[in-house]
Amino acid sequence: MTEPAELDCDLGWSVAMLMRDYKAHVEPTLADLPRGARGYQLLYTVVRKQIRTQVQLADYLGIDRSVIPYVVDDLVEAGLVDRRPDANDRRIRTVVATDEGIETLQRHEAAVAHAEQTFLSALDTADQQLFRSLLSRVARQARDHSRPDSGAGDTRRKAARSTPTD
């Protein structure tokens, strides 16, 4: 049975508590990576999602486009990624993981998975899978809403300007 306190919970507080606890569990496992969690997310995205251009990486990760070159620079300096000319467009340089970067990612994925298991230990295995699925769905929606080209802002502005005669 669900306790009343679980039913009456502020979403903002819950998200903040989750983020704080998640960071406490996961960030120590990423301390040796350049830029920590941000460096891990970029490396993960390059390897697992195969998103390769800096603009696409910035958009996917929600990192300001003026910041992403510094994150990539730090990973290049550490030997985890390289910038290579795009095969289809010489003007574009793609971010590609090195062999060392792939090995580093695999090591860190295991550590992150263990930390996440501890983080989610209040839930049984089925609930953990459901939580991850639902959270992923909401996160993708949030990412799509925050994109400049999403049109969400345009819709809100149009709604605010509309009158019954529109």
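Residues numbered from 1 in each chain as written. Predicted model: local features only at pLDDT ≥ 70, side-chain atom pairs only at ≥ 80, totals over all residues. Heavy atoms only, no water.

Asks: Could you clarify how one ought to interpret the pattern of salt bridges in this entry?
Replies: Two side chains of opposite charge can pair, provided their charged atoms sit close to one another. The full count for this structure, using the stated rule, is eight salt bridges. The salt bridge partner of D89 is R91, with a shortest N-O separation of 2.8 Å. Given a relative accessible area of 73%, R91 falls into the exposed group. R143 serves as the salt-bridge partner of D144, at 3.2 Å between the closest nitrogen and oxygen. (Salt bridge = Lys/Arg side-chain N within 4 Å of Asp/Glu carboxyl O. Buried < 20%, exposed > 50% of the residue type's maximum accessible area, 1.4 Å probe, protein only.)

Asks: Explain the packing of aromatic side chains here, please?
Replies: When we look at a pair of aromatic rings, we describe it by the centre distance and by the angle of the planes. This model, assessed by the stated rule, comprises two aromatic pairs. Between the aromatic rings of Y40 and Y44, the centroid separation amounts to 6.2 Å while the plane-to-plane angle is 35 degrees, which identifies the pairing as tilted. Within this pair, Y40 and its partner Y44 are both found in helix α3 (residues 36-49), separated by four residues, close to a single helical turn. Exposure remark for Y40: the relative accessible area of 11% places this residue in the buried category. (Phe/Tyr/Trp six-rings, centres within 6.5 Å; stacked < 30°, edge-to-face > 60°. Helix = DSSP H or I, 4+ residues; strand = E, 2+ residues; numbered from the N terminus.)

Asks: Is there a simple way to think about the packing of α3 against helix α4 (residues 54-61) in this case?
Replies: In helix packing, the relevant descriptors are the interaxial angle and the interaxial distance, both defined with respect to the helix axes. Two elements in contact, α3 and α4, have axes whose closest approach is 11 Å; the angle formed by their N-to-C orientations is 110 degrees. For the element pair α3 / α4, the angle class is roughly perpendicular. Here α3 runs over α4; the crossing is right-handed. For the pair α3 and α4, contact is made by Q41, L42, T45, V46 and K49 and by L57, Y60 and L61, respectively. Partitioned by chemical class, the residues of the contact of α3 with α4 number five nonpolar, two polar and one charged. (Axes fitted to C-alpha atoms, helices over the stretch in contact; angles between N-to-C directions. Parallel < 35°, antiparallel > 145°, perpendicular 65-115°, else oblique. Left-handed = near helix turned anticlockwise from the far one by under 90°. Contact = heavy atoms within 4.5 Å. Nonpolar A, V, L, I, M, F, W, Y, C, P; charged D, E, K, R; others polar.)

None of this, on its own, says anything about what the molecule does.
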